Amino acid sequence: MTAHSADDRKAQQEYRLLVREKRPPKPVIRNAVRAFWVGGLVCDLGQWIQGLYMRWGGFDREAAANPTVATLILLAVLLTGFGVYDRLAQWAGAGLAVPVTGFANAMSSSAIEARSEGLVLGVGGTMFKMAGPVIVFGVVAAFFVALVRTLLVRLSG
Amino acid sequence: MAQPRGRQTWLFERVYLLSSAAVVGPKEGEGPLRDDFDAIFPTSYADQSNWEKAEQKFLREACDRALEKSGIQKEEVGLFVAGDLMNQITTSSLIARALSLPYLGIFSACATAGEALAVGALAVDGGHASAVLVGTASHNATAERQYRYPTEYGAQKPDTAPCTVSGGGAALLARRPGGERPRIRISSATIGKVVDFGAKNPLDMAEAMAPAAADTLEAHFADTGTGPEDYDLIVTGDLGIYGMSLLRDWIRRRGIDLGDRYGDCGAMIFSREQTEVFNGGSGTACCAVVTFGPLVRRLRRGELRKILVAATGALHSTVSVQQGESIPAVCHAVVLEREEG
């Protein structure tokens, strides 16, 4: 902030009120509805793929989870590579960001972007730039959850 | 010689805009101004192997075309003033390497076109160079990658977000008239102060830049003793659709009514029906291609006589934003007028 005087501060306050009045509103409800049904559809697709692996792939329910996730990732990476995923995600928002497809998109888009900087320092070094925080905080959160669970189990005897 | 007027304005005695050129990418080429650009590249790669090279191609193409139209040989150009959005303004420096001209690299983010014209005009009017080439370029994908996310990353953008213009603009300034006719003069420039009203959202740069535009316009009118009614058109660089209404209201509260002669390059370059335009165009090329293409052509056609171009820029970096700094903004204004006869 660079308010030098009381007048400056007053002007800034007045300006903030004007911005609040003029700024195009965020369509929160529309975004939430879209995220809800698109996100649900992605999960539905996952269920369906899992069903296919169980029926024709000879996997049991638990073992089918891995190829299911891999298939969803492959689809998301292909859509990212063809330049479609970001368009869909602009419309669907969190519906495509939260499922595993969003994670695949974050990694593949970073990799594509850095291709011109070379394979090692470009693709290799940049691939986890967007996805890195998810992994770091995922692992940290898992650690604490496991810690709490272990303590509870010990304490309850 | 340039004369200072008031606190922030320079009046130029004899500076002519001999020629200018604007080249754009495909999305800009589908917009409402498409007929007044010098070239439209059919793909955003512009036949190059990566987007950074495409951005350089835009700048080079604009410079070559401006030189060609001016009738001036490259060797006669005494100074090349250019800037862009890339870290260390590499686009401009790489083109300066290829042009092999004395070079001043500048940075005012999206207000670079204004700064380049002011610095170029100063050098010409002071007699330090008989001809000066000014230019700038930006590219949607290079700006996305540096300032926001990878281009294919699926982040949902709000309606206040800008859409960086892919293109390049260049102009040739000289003391001696010539080149395209009728003549266009650069008669004054108002150098902006850095203004910061505490805006922190890099996906809403209009909020940060509108007070800077108001500050510079106010200074320009006060220094030169003119008002909005003295211009056929007043344009800001890239406040966009919502930024226009912000500036209009904010400056009215300070007693200046911009009226219907006010426009914004970012709001003009795309139509609202185009996909993912959001608040409108931005980037160093936004103000440059609209001014050096459509606006200069309208001046030459006689549809406009005198215009005030107020290039707006947000001077943040991704690091400064992540460290919690608010977004400093600047606006440099230049007056272009048609000389009859």
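Definitions and cut-offs
- Residues numbered from 1 in each chain as written.
- Chains lettered and ligands numbered in written order.
- Predicted model: local features only at pLDDT ≥ 70, side-chain atom pairs only at ≥ 80, totals over all residues.
- Helix = DSSP H or I, 4+ residues; strand = E, 2+ residues; numbered from the N terminus.
- Rg over C-alpha atoms; globule rule 2.2 N^0.38 Å.
- Buried ≥ 20, exposed ≤ 12 C-beta atoms within 10 Å, placed from the backbone.
- Contact = placed C-beta atoms within 7 Å.
- Nonpolar A, V, L, I, M, F, W, Y, C, P; charged D, E, K, R; others polar.
- Core = buried A, V, L, I, M, F, W, Y, C linked by C-beta atoms within 7 Å.
- Domains from an automatic or database assignment.
- Expected span 1.5 Å × (residues − 1).
- Axes fitted to C-alpha atoms, helices over the stretch in contact; angles between N-to-C directions.
- Parallel < 35°, antiparallel > 145°, perpendicular 65-115°, else oblique.
- Left-handed = near helix turned anticlockwise from the far one by under 90°.

**Student:** Quick question: what am I supposed to make of the overall build of chain B here?
**Tutor:** Across its full length, chain B carries 10 helices and 15 strands. Its C-alpha atoms give chain B a radius of gyration of 18 Å, near enough to 20 Å, the size a compact globule of 341 residues would have. Considered along the principal axes of its C-alpha atoms, chain B spans approximately 50 × 50 × 35 Å. Within chain B, the fraction of its 341 residues that count as buried is 59%. Sequence separation of 24 or more characterises 79% of the internal contacts of chain B that already satisfy a separation of 6 or more.

**Student:** Whenever I open this one, unusual backbone geometry confuses me. Can you help?
**Tutor:** Most peptide bonds adopt trans geometry, and most residues besides glycine take a negative phi value. All names here are of chain B. Phi is positive for isoleucine 89, close to 35°, though the residue is something other than glycine. Mapped onto the secondary structure, isoleucine 89 falls in the loop between β5 (79-84) and α3 (90-99). Given 19 C-beta atoms within a 10 Å radius, isoleucine 89 is considered partly exposed. At phenylalanine 278, a residue that is not glycine, the phi angle is positive and equals roughly 55°. Topologically, phenylalanine 278 is positioned in the loop between α8 (265-269) and β13 (281-282). Note on phenylalanine 278: 22 C-beta atoms within 10 Å, which makes it buried.

**Student:** In this structure, what is going on with the interface of chain B and chain A? I would like to understand it.
**Tutor:** A common way to express how large an interface is: the accessible area buried when the components associate. Of the residues lining the interface, 25 residues belong to chain B; the matching set on chain A comes to 28 residues. Where the side of chain B that touches chain A is concerned, the elements lending two or more residues are α6 (205-224) and α7 (240-252) of chain B. For the side of chain B that touches chain A, the element with the most residues is α7(B), which contributes five residues. Class assignment of the residues belonging to the side of chain B that touches chain A gives a composition of nine nonpolar, eight polar and eight charged.

**Student:** Can you walk me through the nonpolar core in this structure?
**Tutor:** The tendency in soluble globular proteins is for nonpolar side chains to be buried as a group. Counting 123 residues, the largest nonpolar core has Val132(B), Leu133(B), Leu173(B) and Met209(B) as its most contacted members. Mapped onto the domain boundaries, this core takes at least three residues apiece from domain 1 (3-174) and domain 2 (184-338) of chain B. If we ignore the near neighbours within four places in the chain, the residues touching Val132(B) are Val77(B), Gly78(B), Leu79(B), Val81(B), Gly120(B), Ala123(B), Val124(B) and Leu173(B). The next biggest cluster of nonpolar side chains, apart from the first, holds 18 residues, and it includes Ala76(A), Phe103(A), Met130(A) and Tyr153(B).

**Student:** Teacher, can you tell me more about helix α2 (residues 51-70) of chain B here?
**Tutor:** Helical geometry note: an α-helix holds 3.6 residues per turn, so side chains three or four residues apart project in the same direction. Residue and element names in this part refer to chain B. With 20 residues, α2 should cover 28 Å at 1.5 Å per step; its first-to-last C-alpha distance of 29 Å lies within 8% of that length. Where burial is concerned, most of α2 is hidden: 16 out of the 20 residues are buried. Just downstream of α2, glycine 71 is the residue with a positive phi angle, here 75°.

**Student:** When you look at the packing of helix α3 (residues 61-81) of chain A against helix α6 (residues 100-113) of chain A in this model, what are you seeing that I'm missing?
**Tutor:** Relative orientation and spacing of two packed helices are given, respectively, by the angle between their axes and the distance between those axes. All names here are of chain A. Relative to each other, α3 and α6 sit at 45°, their axes nearing to 8 Å. When the axes of α3 and α6 are compared, the pair comes out oblique. In the packing of α3 onto α6, the handedness of the crossing is right-handed. On α6, the residues touching Val69, Leu72, Ile73, Ala76, Val77, Thr80 and Gly81 of α3 are Val100, Thr101, Ala104, Asn105, Ser108, Ser109 and Ile112. Residue composition of the contact of α3 with α6, by class: eight nonpolar, six polar and no charged.

**Student:** Sorry if this is basic, but what is going on with the domain arrangement of chain B here?
**Tutor:** Residue and element names in this part refer to chain B. Here chain B is partitioned into domain 1 (3-174) and domain 2 (184-338). Computed from C-alpha coordinates alone, the two centres of domain 1 and domain 2 are separated by 16 Å. Taken together, the contact between domain 1 and domain 2 spans 59 residues of the former and 62 residues of the latter. A total of seven residues in the side of domain 1 that touches domain 2 trace back to one element, the largest contributor, which is helix α4 (residues 112-125). Split by residue class, the side of domain 1 that touches domain 2 holds 31 nonpolar, 17 polar and 11 charged.

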